[in-house]
Each structure stands twice: as C-alpha cells, then as structure tokens.
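# Report on the structure
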Amino acid sequence: MSSRDEIRSPSHALPFWLSLGTVPLAVIEARYGGWTLILLPTYAWWLVTFLDQILGRNADQPDVETPESELTWYRAITMIWFPIQAAVIYGTIWYVTRSTHLNGFEIVALMFGVGVISGTIGIVYAHELLHQKNKLERWLGDLLLATVLYSHFRTEHLLVHHLWVGTPRDAVSARYNEGFHRFFWRVLFECPGSAWKAESLMLRRAGRSVWHRSNPFWRYGALQALALIAAFAVGGWMGLGLFALQAFFAIWQLELTNYVEHYGLTREYRGEGRYEHVLPRHSWNADHTASNWLLINLQRHSDHHYKPDRRFPLLQTYDSEEAPQLPFGYPGMTALAMVPPLWRRRMNPRVRAWRRKYYPDISDWADYNRGATPLPRGSY
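Figured I'd write up the structure that's included with this text. (Residues numbered from 1 in each chain as written. Predicted model: local features only at pLDDT ≥ 70, side-chain atom pairs only at ≥ 80, totals over all residues. Heavy atoms only, no water.)

### Side note on the overall build of the protein chain
Within the protein chain, the regular secondary structure consists of 16 helices and 0 strands. A compact globule built from 380 residues should have a C-alpha radius of gyration of about 21 Å, and the protein chain, at 21 Å, falls within 12% of that. Taken across its 380 residues, the protein chain has 56% of its residues classed as buried. Taking the contacts inside the protein chain whose residues are at least 6 apart along the sequence as the reference set, 74% of them involve residues at least 24 apart. Total accessible area on the protein chain stands at roughly 16500 Å², and carbon and sulfur atoms take up 62% of it. (Helix = DSSP H or I, 4+ residues; strand = E, 2+ residues; numbered from the N terminus. Rg over C-alpha atoms; globule rule 2.2 N^0.38 Å. Buried < 20%, exposed > 50% of the residue type's maximum accessible area, 1.4 Å probe, protein only. Contact = heavy atoms within 4.5 Å. Areas by Shrake-Rupley, 256 points an atom, 1.4 Å probe, with all protein chains shown as cover.)

### Here's the deal with the pattern of salt bridges
In this structure the tally under the stated criterion is 14 salt bridges. Of the charged contacts in the structure, one is a salt bridge between Glu190 and Arg186, with a shortest N-O distance of 3.5 Å. With Glu190 and Arg186 both in helix α10 (residues 180-205) and 4 residues apart, this pair spans about one turn of that helix. Arg186 sits in the buried class, given a relative accessible area of 13%. Asp303 is paired through a salt bridge with Arg310; the nearest N and O atoms lie 2.8 Å apart. Look at Asp303 and you get buried, because its relative accessible area is 1%. On the accessibility criterion, Arg310 (18% relative accessible area) is buried. When salt bridges that share partners are traced, they join Glu68, Arg75, Glu137 and Arg311 into one network. (Salt bridge = Lys/Arg side-chain N within 4 Å of Asp/Glu carboxyl O.)

### A look at the packing of aromatic side chains
Under the counting rule described, the total for this entry stands at 32 aromatic pairs. A centroid spacing of 6.3 Å and a plane angle of 40 degrees characterise the contact between Phe180 and Phe183, whose relative ring orientation is tilted. Highlighted residues: Phe180 and Phe183, both in helix α10, separated by 3 residues, approximately one helical turn. A cation over a ring is seen here: Arg31 above Tyr32, with NZ or CZ 5.1 Å from the ring centre. One residue, Arg219, lies across the ring of Trp139, its end atom 5.7 Å from the ring centre. (Phe/Tyr/Trp six-rings, centres within 6.5 Å; stacked < 30°, edge-to-face > 60°. Lys NZ or Arg CZ within 6 Å of the ring centre and 35° of its normal.)

### As for the nonpolar core
Ranked by internal contacts, the top residues of the largest apolar core, which has 93 residues, are Ile93, Tyr125, Phe180, Tyr259, Tyr263, Leu326 and Trp343. Excluding residues within four positions of it along the chain, Tyr263 makes contact with Ala174, Arg175, Tyr176, Asn177, Glu178, Trp284, Trp343, Arg344, Met347, Asn348 and Val351. (Core = buried A, V, L, I, M, F, W, Y, C linked by side-chain atoms within 4.5 Å.)

### Here we look at the packing of helix α9 (residues 153-164) against helix α11 (residues 216-262)
At a minimum axis separation of 11 Å, α9 and α11 run at an interaxial angle of 30 degrees. The angle between α9 and α11 falls in the class roughly parallel. From α9, Phe153, Arg154, Thr155 and His161 reach across to α11, where they touch Pro216, Phe217, Arg219, Tyr220, Leu254, Asn258 and His262. (Axes fitted to C-alpha atoms, helices over the stretch in contact; angles between N-to-C directions. Parallel < 35°, antiparallel > 145°, perpendicular 65-115°, else oblique.)

### Topic: α9
Among the 12 residues that make up α9, 9 are buried, leaving the element largely enclosed by the rest of the structure. Listed as buried for α9 are Phe153, Arg154, Thr155, Glu156, His157, Val160, His161, His162 and Trp164. Next to the buried residues of α9 lie α7 (104-130), α8 (135-146), α10, α11 and α13 (301-306). Gly166 lies just past α9 and shows a positive phi near 75 degrees.

### With respect to helix α14 (residues 330-337)
Two residues of an α-helix separated by three or four positions point the same way, owing to the 3.6 residues in each turn. Counting buried positions along α14 gives 7 out of 8 residues, so the element sits mostly inside the fold. All of the buried residues along α14 are Tyr330, Pro331, Gly332, Met333, Thr334, Leu336 and Ala337. Looking at the packing, one finds that the buried side of α14 touches α4 (39-55), α10, α11, α12 (289-294), α13 and α15 (340-358).

### Some thoughts on the environment of Arg57
Within the secondary structure, Arg57 is located in the loop between α4 and α5 (72-79). When the C-alpha atoms of Arg57 and Asn369 are compared, they prove to be 31 Å apart, with 312 residues separating the residues in sequence. Discounting chain neighbours no more than four positions away, the residues touching Arg57 are Asp287, His288, Thr289, Gln325, Leu326 and Pro327. Separated by 3.1 Å, the side chains of Arg57 and Asp287 make a polar contact. Separated by 3.4 Å, the side chains of Arg57 and His288 make a polar contact. (Polar contact = N/O pair within 3.5 Å; in protein donor to acceptor, adjacent residues only side chain to side chain.)

### Points about the environment of Trp196
For Trp196, the position within the fold is in helix α10. For Trp196, a relative accessible area of 30% gives the class partly exposed. Along the primary structure Trp196 and Asn215 are separated by 19 residues, whereas in three dimensions their C-alpha atoms are 9.2 Å apart. Excluding residues within four positions of it along the chain, Trp196 makes contact with Val210, Asn215, Phe217 and Trp218.

Listed below in structure tokens is the structure:
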C-alpha cells in the first residue's frame, strides 16, 4: 500500500482519536473521586509514555502532496473537539457545584484532570486549527482558547513565535539553563503584552489605530467574557472559580510543552538585527509513536516550524543529522522538566552537543544564554 493510500484509510487516522478516551475518565473521576482522580494524568502522561517505549518510533514520511480532501478523518477530530471540551468543562462544573461527595482536595484534583483535557489536548488542537486558512477552523481554534482564557496565544504564536523563534523576541523559546518554573512565570506575564505589541505593529503598518475594530483582542476579550459568563451561569461564583482553575492547569501544561519544544536552541545572530532563517535544527524533534497519536504529531515540531502550513497528518520527521532529538515524547519530557536539576542533567549536554555540531565557530554563548542578543529587525 502506498503512503497516500495509507493516509486515506480511516483506520490509519483512528489512533489520532486517542484523545476521546479522556472523556469517560473525566466522568468516572467526577462520579467517584478518591483514587480515580489519577486516571486522567495517568492516561495522558504515563500510559502514553509506556506505549512509546513499547511501540518505539515512527519514522514514516507521509506523502506531502496528499490532497486535503483525503484528510477528512484526521481533520474531523480537531473540528469536533470544541463541543466535546465545552461539555466536559461545563458539565463538570455543573456536577461539582451540585454534589457533596467530593472534598476540597478532590475538587482541585478533578479540575486538574479537566485541565489535562483542555490543555494537553484542547490547546494542541487549537494550535492545529489556528494554522489553517479555513475560517471555520480558525473560529473553532479561537473558541477552544477562550475556554482556557488564553486567546492571545493565537497572536503570540502566529505573529511572534513562528517569526522570531530562537531569538530574544520570542518569549517561549526557553533559554539554556532556564528552569521551567522560572520560565513559566516569565512567559505568563510577558506573552500578553508581546501579543498586543505584535498586533499594534500590524495595525500601524496598515495605517490603523490599535482601537480599530480589526484588532483581534476585542474578539479575544468577548469570547473569554462569554466563557466566564457561561461558567457563572452553570455554577455561580464557585463555578467561576472552578473554570479559572482548569484554565490555569491547561495553561501550565501548554507552557510545559512550549518549554520542551525549543529549550536552549537559538538562531545565529548575523549582525544588524538579522538572524539566520528557521531550519529544522531549531526545534527538538520526537517521532515517538503513541505520544504523537495523542498530540496529533506536534512532536514532529522541526517540520512544523519549517513548514507551518502543513497539516498534522503530513508532517515529516528528521533524523539526528538534520534536527536534535528528544530522548522521550512530550509527556515524559514535561514530567522531567518539572524537576530542573534532572532536566538540566539530561538536556544540557544535548544542547552543548547541538552547539558544537551546528555552530562550531561561536565560542561565546553568554548573550544567547541570557537572551541578550539584539532584537530582530522588524520585530518591534
């Protein structure tokens, strides 16, 4: 069977629907509490990491010329996810605010599990949708981001991250030796202002004020307000708090992923505000089978940055000669990132090896390590 025939087959797309397994687990956690509250993180992190070790890596290279009409079964899971996620979030809030069998700790743990759904899966799907030209898909992406109160991610990702990854302009390019916890609070406060600055620059170049109706921040604010109003309508003030809690856990998981994707990788500064073009070597690549099913090939991140408009079923993988490789898939790597000394022990030697391989002429990395090289020309 040719690679295009495999892509066309619904059975080939089926593993990417692994995310649906989280929905009944959320119902079980809400109903029974107790030890069942480990089910969602166990499923999304540890079971997938275990399957990665069993199934190994998938180095298949899909036919990039496959027409979009043959990707229906892949696109479908991302397009139906918003109503599923909304039902899980608001259904959980409705149930918890009307039940008495869960104590405070159990409620927090349950919302953490819901955050696994809206962060580990929902934001990843939003990311895929926002990269498409189709207006419906972009709207679905916006709606998913509104349910985690992180709508500015669309602007920050498309107008900052993809243009300026590996430079000081991109807040989510994690610096060498920067621990995740420091990184998390840094980007949490930097990214909204960075996104506003990027939209302001776009509007100014178009001869418009930041207050112009085309500024997407008005849409972001309206969608997030509606999401909060819905939470209050379903569960009152407690429902509002529960909604914010799952959103925080979702954002935490997104930024864990952002941290892993580019840790320590920088583009060479070439003077006068110019940096080298983005290449596969500026993202960590991981072609672990099961975690790529759950995360719809996000771990083939080197190709995503090289070809951002390529749909997830067609993303290519790279060998170690073309891109740096992660030792585990994202679920395992994000767990490691939570313990900075273990993370540095595992990843810093890989960063240093990457530098020796691709940039043997750079002897002083101090400014790169601090994010102190000049801002890229045209980025401000």
